[in-house]
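Listed here are the chains, written in short residue letters.
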Amino acid sequence: MSTPIDTADEVLSGEAVAIDVQPLGFFMRALGALIDMIVGWVLFLLFLWLRTWLLFAGIVDTSIDGILSIAAMVVCFVVVPIVVELALRGRSLGKLAVGGRIVRLDGGAAGFRHAFIRALIGVLEIYMTFGAVAMLSGAFTARSQRLGDLVAGTYSQRVRTPKLVRLAAVMPPA
């Protein structure tokens, strides 16, 4: 009787060859998301500071203050993550720091549709709940996928591998 083989982390290539790839672990993914979340909030605070400065300088009227606030939220929490993920081919500042990359379930590169879905659902699960929903879904899925990943059909793949240790062969002098 043979033992079952765990194929949860295998990706099939076009030639039906199993490629062994490793998803990014839960804690590394959470650390990368925390870095991305801090960058988003800092950018949002800079937009709020700019809006306040424009209001006090008299450049912008108070009637469009609400519009500027909503525009700042949309830019910081939806547009910037989409643009960064597309420009860096599935990576962001947090993913660069922890060595991850967003890919499709078949191992291919994620596109605009994937980034758009992940960013829209990310507003709900990351920014509105301070990451609680993303952490719960990541803790209970095999590849640490958050809801945005489950809907978009993506996951975070480990792209950085540990360095190989070079062993120097020591030969006797004779």
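Above this text sits the structure in question.
Here's a quick rundown of the structure. Predicted model only: the values in this text are computed from it and were never measured.

What counts as what
- Residues numbered from 1 in each chain as written.
- Predicted model: local features only at pLDDT ≥ 70, side-chain atom pairs only at ≥ 80, totals over all residues.
- Heavy atoms only, no water.
- Helix = DSSP H or I, 4+ residues; strand = E, 2+ residues; numbered from the N terminus.
- Buried < 20%, exposed > 50% of the residue type's maximum accessible area, 1.4 Å probe, protein only.
- Contact = heavy atoms within 4.5 Å.
- Areas by Shrake-Rupley, 256 points an atom, 1.4 Å probe, with all protein chains shown as cover.
- 1 Å grid on protein atoms, 1.4 Å probe; cavity = no way out; pocket = protein on both sides within 12 Å on 5 of 7 lines; lining within 4 Å.
- Points joined across faces, edges and corners; volume = space filled by probe spheres on them.
- Nonpolar A, V, L, I, M, F, W, Y, C, P; charged D, E, K, R; others polar.
- Expected span 1.5 Å × (residues − 1).
- Bend = angle between axes of the 7 residues up to and from the residue.
- Salt bridge = Lys/Arg side-chain N within 4 Å of Asp/Glu carboxyl O.
- Patch = residues over 30% accessible without salt bridge, like charges linked within 9 Å, V, L, I, M, F, W, Y side chains within 5 Å.

Let's talk about the overall build of the protein chain
For step 1, the next point in the chain: From N to C terminus, the protein chain includes six helices and four strands.
For step 2, the next point in the chain: When the helices and strands of the protein chain are read in sequence order from the N terminus, they spell out β-β-α-α-α-β-α-α-α-β.
For step 3, the next point in the chain: Each of the 174 residues in the protein chain was classed as buried or not, and the buried ones make up 31%.
For step 4, the next point in the chain: Put simply, of all contacts in the protein chain between residues at least 6 apart along the chain, 68% involve residues at least 24 apart.
For step 5, the next point in the chain: Of the roughly 11,400 Å² of accessible surface on the protein chain, a fraction of 71% belongs to carbon and sulfur atoms.

Quick notes on the layout of surface pockets
For step 1, the next point in the chain: Roughly 780 Å³ of internal volume is contained in the largest pocket.
For step 2, the next point in the chain: What lines the largest pocket is a set of 38 residues, and nearest its centre among them are Gly-32, Ala-33, Asp-36, Met-37 and Ile-126.
For step 3, the next point in the chain: When residues of the lining of the largest pocket are traced back to their parent elements, those giving at least two are α1 (26–57), α2 (65–87), α3 (93–98), α4 (112–128) and α5 (132–139).
For step 4, the next point in the chain: Counting residues per element, the lining of the largest pocket draws most heavily on α1, at eleven residues.
For step 5, the next point in the chain: Empty space within the second largest pocket amounts to approximately 180 Å³.
For step 6, the next point in the chain: What lines the second largest pocket is Trp-41, Met-73, Val-74, Phe-77, Val-78, Val-123, Tyr-127 and Met-128.
For step 7, the next point in the chain: The biggest single contributor to the lining of the second largest pocket is α2, with four residues.
For step 8, the next point in the chain: Residues that form the lining of the second largest pocket fall into these classes: eight nonpolar, no polar and no charged.

A closer look at α4
For step 1, the next point in the chain: Taking 1.5 Å of rise per residue, 17 residues should cover 24 Å, and α4 covers 23 Å from first to last C-alpha, within 8% of that figure.
For step 2, the next point in the chain: Most pronounced at Gly-122, the bend in α4 amounts to some 45°.
For step 3, the next point in the chain: What α4 keeps buried is the set His-114, Ala-115, Arg-118, Ala-119, Gly-122, Glu-125, Ile-126 and Tyr-127.
For step 4, the next point in the chain: One or two steps after α4, the chain reaches Phe-130, where phi turns positive at roughly 55°.

Comments concerning the pattern of salt bridges
For step 1, the next point in the chain: Enumeration over the complete set of coordinates arrives at seven salt bridges.
For step 2, the next point in the chain: For Asp-36, the salt bridge goes to Lys-95, with nearest N and O atoms at 3.6 Å. Here Asp-36, found in helix α1, pairs with Lys-95, found in helix α3; they are 59 residues apart in sequence, far enough to count as distant.
For step 3, the next point in the chain: Assessed through its relative accessible area of 11%, Lys-95 is described here as buried.
For step 4, the next point in the chain: The partner of Arg-118 in a salt bridge is Glu-85, with the nearest N and O atoms 2.6 Å apart. In this pair, Arg-118 sits in helix α4 while Glu-85 sits in helix α2, placing the two residues 33 residues apart along the sequence.
For step 5, the next point in the chain: Among the residues examined, Arg-118 registers a relative accessible area of 4% and is labelled buried.
For step 6, the next point in the chain: Residue Glu-85 is classed as buried on the basis of its relative accessible area, which comes to 9%.

Concerning a nonpolar patch on the surface
For step 1, the next point in the chain: A grouping of Met-28, Leu-31, Leu-34, Ile-38, Val-42 and Leu-46 is seen on the molecular surface, where their side chains present a nonpolar patch of about 530 Å² in accessible area.
For step 2, the next point in the chain: Its location among the elements puts Leu-46 in helix α1.

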